[in-house]
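Structure at a glance
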Amino acid sequence: MSFTVLGQHQCIYFGPTDNPKAIRWWAERGQIHYEDSRTNLYDVMSVRTFLERLRAIFDMIGNGKKVENKDFMHAEEIDRHMRFVEEGVQIARMAKEQGMPQDPNARRQKAAEFSKPVFIPSSLSQSIFKSK
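Quick notes on the rules
In this numbering scheme, every chain counts its residues from 1 along its sequence in written order. Local features are withheld for residues below a pLDDT of 70 in this predicted model, meaning they are given only at 70 or higher, and side-chain atom pairs are given and counted only at 80 or more; totals for whole chains, interfaces and linings count all residues. As a rule here, side-chain values come from all non-hydrogen atoms in the structure, and water together with hydrogens is ignored. Helix and strand assignments follow DSSP, with helices taken as H or I runs no shorter than four residues and strands as E runs no shorter than two, numbered in order from the N terminus. Exposure is judged per residue with a 1.4 Å probe applied to protein chains only, and the accessible area is read against the type maximum: over 50% gives exposed, under 20% gives buried, and values in between give partly exposed. By definition in these notes, contact holds between two residues if any of their heavy atoms fall within 4.5 Å. Using the Shrake-Rupley algorithm and a 1.4 Å probe, accessible areas are obtained, with residue cover drawn only from the displayed protein chains. Grouping buried Ala, Val, Leu, Ile, Met, Phe, Trp, Tyr and Cys residues that are joined through side-chain atoms within 4.5 Å yields what is termed a nonpolar core. Stacked, edge-to-face and tilted are the three classes for Phe, Tyr and Trp ring pairs, Trp counted by its six-membered ring, which pair at centre distances within 6.5 Å; planes under 30 degrees apart are stacked, over 60 edge-to-face, the rest tilted. By definition here, charges over rings are those cases where NZ of Lys or CZ of Arg is within 6 Å of the ring centre and within 35 degrees of the ring normal. For two strands to count as paired, DSSP must find a minimum of two bridges between them. Salt bridge, as used here: a side-chain nitrogen of Lys or Arg that lies within 4 Å of a carboxyl oxygen of Asp or Glu.

1. With respect to the overall build of the protein chain
When helices and strands are tallied, the protein chain shows 4 helices and 5 strands. In the protein chain, the succession of α and β elements from N to C terminus is β-β-β-β-β-α-α-α-α. Within the protein chain, buried positions represent 28% of all 132 residues. For the protein chain, the proportion of contacts with a sequence separation of at least 24, taken over those separated by at least 6, is 41%. Just so you have it, the protein chain exposes about 9600 Å², and 54% of that area is on carbon and sulfur atoms.

See the structure below:
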């Protein structure tokens, strides 16, 4: 597995053959995020859409192994695509574990993580309000 740790995110890279690290993919808040370093394009997609795209790549590789499609891709390209599919499935699992944004339980959990009570000592709060 060739995950690169960037901050708290684990990401995978996949791009065209001449620039294989052009597009960075990672899971965050239950969705798949990607950024293209060539055009500075950033976008988000659902896990379902991402898995559909991985399935299309997998099907394309499978079609390339048929006799009538011999030499459709070089062996190195097939390996590179298969690695992306396998690592992409891992990223999709991570996104699912984080909770889908449409799930009410995931939204409640995120809201609970962000709300933090703040306590002000009474002596400090009295001095703040008396100075007015």
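The structure having been displayed, the exposition proceeds.
2. Re the nonpolar core
Nonpolar side chains tend toward joint burial in soluble globular proteins. Counting 21 residues, the largest nonpolar core has W25, A27, I32, M45, F50, F84 and I91 as its most contacted members. The set of elements that each furnish at least two residues to this core consists of β3 (23–28), β4 (31–36), α1 (47–64) and α2 (75–98). Per-element tally for this core: the top contributor is α2, with 7 residues.

3. Description of the packing of aromatic side chains
Applying the stated criterion across every chain, the model contains 6 aromatic pairs. Taken together, F14, W25, Y34, F50 and F84 form an aromatic cluster joined through their ring pairs. Above the ring of Y13, the side-chain terminus of K21 is found at 5.5 Å from the ring centroid. Directly above the aromatic system of W26 lies the positively charged group of R24, at a separation of 4.3 Å from the ring centroid.

4. As for the pairing of β3
Burial analysis of β3 places 5 of its 6 residues in the buried class, the great majority of the element. Alignment of β3 against β4, held across 6 bridges, turns out to be antiparallel. Residue R24 lies in a different strand from β4, and its bridge partner there is E35. Taken together, β3 and the strand that follows it, β4, pair antiparallel across an intervening segment of 2 residues, in which R29 is found at a positive phi of about 55 degrees.

5. A look at the side chain of R80
By the secondary structure assignment, R80 is in helix α2. Beyond its immediate stretch of four places on either side in the chain, R80 contacts F14, G15, P16, T17 and P20.

6. Things to note about the pattern of salt bridges
Counted under the stated rule, the structure contains 6 salt bridges. The shortest N-O distance in the salt bridge between E35 and R24 comes to 2.6 Å. Linking E35 in strand β4 with R24 in strand β3, this pair joins segments that are 11 residues apart in sequence. With relative accessibility at 28%, the residue E35 sits in the partly exposed group.

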